[in-house]
Structure formats: structure tokens, C-alpha cells
Amino acid sequence: MVLAVFALLVAVAVAYVGWRDRRRLSSDDDPEVVRAARGERHRRVAERQHAQSDGWNRGGHGFTG
């Protein structure tokens, strides 16, 4: 009897913690925030690539400025 009550308490605790973590993760992974972060990362990569190609094309000998 004591073991059954203990097992039930452990199962309830595990279920609660799992539910709480799923809820927290789903709110942190807001699709709009993820989309905005990807757009910002893409913009920065494009700017960096543009700056690097400008350096090579301007002097023909590597980045000069």
C-alpha cells in the first residue's frame, strides 16, 4: 500500500514537471520570434558577404579597407 502511494506521487510529480517544461518550451519557441531571428541572421550574413566581395573587387588584391 505504501509503495503504491509512493509510486503514484512520483508519477504525478513526473507528469507535472513534464507538462510544465512542455508549456515553457512552446511559449519560448514563438514562430514569429523565430522567423524574425532568422531574417536578422540572413540580413547580417548577406551584409558580411557583400562587404567581403566589395573588398576583393575594389582592389583585386584582397580586402583593402
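Residues numbered from 1 in each chain as written. Predicted model: local features only at pLDDT ≥ 70, side-chain atom pairs only at ≥ 80, totals over all residues. Heavy atoms only, no water.

A. Focus on the overall build of the chain. Scanning the chain for helices and strands turns up two helices and zero strands. Taking all 65 residues of the chain together, the buried fraction comes to 3%. Approximately 6000 Å² of the chain is accessible, and the part contributed by carbon and sulfur atoms is 63%. (Helix = DSSP H or I, 4+ residues; strand = E, 2+ residues; numbered from the N terminus. Buried < 20%, exposed > 50% of the residue type's maximum accessible area, 1.4 Å probe, protein only. Areas by Shrake-Rupley, 256 points an atom, 1.4 Å probe, with all protein chains shown as cover.)

B. Looking closely at the pattern of salt bridges. Evaluated as defined, the whole model comprises five salt bridges. Residue Asp21 pairs with Arg20 through a salt bridge whose shortest N-O separation is 3.7 Å. Three or more residues are tied together by salt bridges with common partners; here these are Glu40, Arg43, Arg44 and Glu47. (Salt bridge = Lys/Arg side-chain N within 4 Å of Asp/Glu carboxyl O.)

C. Spatial organisation of the packing of aromatic side chains. Scanning the model with the defined rule gives one aromatic pair in all. The interplanar angle of 40° and the centroid separation of 6.0 Å between the aromatic rings of Tyr16 and Trp19 together place this pair among those described as tilted. Highlighted residues: Tyr16 and Trp19, both in helix α1 (residues 2-28), separated by three residues, approximately one helical turn. (Phe/Tyr/Trp six-rings, centres within 6.5 Å; stacked < 30°, edge-to-face > 60°.)

D. Main features of a nonpolar patch on the surface. Residues Phe6, Val10 and Val14 make up a contiguous nonpolar surface patch of roughly 300 Å² in combined accessible area. Positionally, Phe6 belongs in helix α1. For Phe6, a relative accessible area of 54% gives the class exposed. (Patch = residues over 30% accessible without salt bridge, like charges linked within 9 Å, V, L, I, M, F, W, Y side chains within 5 Å.)

Purely geometric numbers; function is a separate question.
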